[in-house]
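# Fold and contact review
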Amino acid sequence: MAGSLSDSVEEVTVGLEPERKKVIIKEILEWRRSRLLPEQYCDFLLNLYQDDPDSREDRGWHGLSAAQIRKGSIRSWALFFGIIVIIFLFSFNFNSFHPALQIAVLSLAVMLCYGIGLRLRSRLPALASIAIGAASLLLLSGGISLLRGFGAEAAALVIYGAVCAVVWMVAGLMARFAIFHFCGWILLALVYGWFLNQHLADIDWIEMEMAWIPAGILLVWVGWLLHRRHRSASAVLLAVGSLLWFAPEVYGYLISDLPKELLQLGWIGKLLIVAALLYVFRKKWTEWVA
């Protein structure tokens, strides 16, 4: 039965024009990337529509296949590595530029990389993620370097880090790359930990738990509200909220003077609670993040 079904579908695909096949293959790859269909279904459809082994883009990484790399022209390779050389030259000599030129070059590089990443996010996700990652690192490291050169205090650097975190989250949401959305939240949590340490020097166990756990519960709740319409963003909120559940023990272990044994017992107790909750609600959270 399965064989006859496959044969009948193949008969239909034989009459399709090459351009029409390319459009269908692109749609199937998009379905697979966005998880609109299970991966095995997408593989089955790709095997039907792709009859050239060298053109099987599903074996690539984030839209960049081995065949595309092999067929790359000398011009493309020279352009790619030429850009890398220019970036390194600017990096090595960045501090020797005039401050106004430093700001202009950094702003242009960040906007250019973000623009390339957002433009290529559907066609070439691998290159898009590299471009957005480069822009995010440039925004953080370059901005902090400039602020230090201007003699900025630690508080100004941390506030700038919070701004970078928000930019990372927005870029991740716009490009639909969950990793950048997640990294933005983690950076924001580090900034929050710094401010917490500055204003609550002699923190006790209850204050430490109340400083982190409500924020984690809020993120998980918001993620649950969004899980039907924005699955990727909701999964990130679930992950970050779950990490904040353990943040008090990590914070206390690194910064506070609370007994280490008590913090370890608290961490183990929370881990057991999480394990029990994950088991009891496994049907709900697996559907949420899948």
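Note: the structure precedes this text.
Residues numbered from 1 in each chain as written. Predicted model: local features only at pLDDT ≥ 70, side-chain atom pairs only at ≥ 80, totals over all residues. Heavy atoms only, no water.

Here the focus is the packing of helix α10 (residues 205–226) against helix α11 (residues 231–254). It is at 7 Å that the axes of α10 and α11 come closest, and there the two elements cross at 170°. For the element pair α10 / α11, the angle class is roughly antiparallel. In terms of residue class, the contact of α10 with α11 is built from 17 nonpolar, six polar and three charged. (Axes fitted to C-alpha atoms, helices over the stretch in contact; angles between N-to-C directions. Helix = DSSP H or I, 4+ residues; strand = E, 2+ residues; numbered from the N terminus. Parallel < 35°, antiparallel > 145°, perpendicular 65-115°, else oblique. Nonpolar A, V, L, I, M, F, W, Y, C, P; charged D, E, K, R; others polar.)

Here we take up the pattern of salt bridges. A complete count under the given rule lists two salt bridges for this structure. Its salt-bridge partner being Glu-209, residue Lys-270 comes within 2.7 Å of it at the nearest N-O pair. Note that Lys-270 is positioned in helix α12 (residues 260–280) and Glu-209 in helix α10, a separation of 61 residues in sequence. Classification of Lys-270 by relative accessible area gives buried; the value is 7%. (Salt bridge = Lys/Arg side-chain N within 4 Å of Asp/Glu carboxyl O. Buried < 20%, exposed > 50% of the residue type's maximum accessible area, 1.4 Å probe, protein only.)

Attention shifts here to unusual backbone geometry. Its identity as a non-glycine residue notwithstanding, Arg-176 has a phi of 60°, on the positive side. Structurally, Arg-176 is set in the loop between α8 (154–175) and α9 (178–199).

What follows covers the packing of aromatic side chains. What the rule picks out here adds up to five aromatic pairs. Seen in terms of ring centroids, Trp-194 and Phe-195 are 5.0 Å apart; in terms of plane orientation they differ by 90°. Their pairing is edge-to-face. Between the aromatic rings of Trp-212 and Tyr-251, the centroid separation amounts to 6.1 Å while the plane-to-plane angle is 50°, which identifies the pairing as tilted. Here the residue Trp-212 occupies a position in helix α10, and Tyr-251 occupies one in helix α11, the gap between them amounting to 39 residues. Joined through ring pairs, the aromatic side chains of Tyr-192, Trp-212 and Tyr-251 make up one cluster. When the ring centre of Trp-245 is taken as reference, the NZ or CZ atom of Lys-270 above it lies at 5.1 Å. (Phe/Tyr/Trp six-rings, centres within 6.5 Å; stacked < 30°, edge-to-face > 60°. Lys NZ or Arg CZ within 6 Å of the ring centre and 35° of its normal.)

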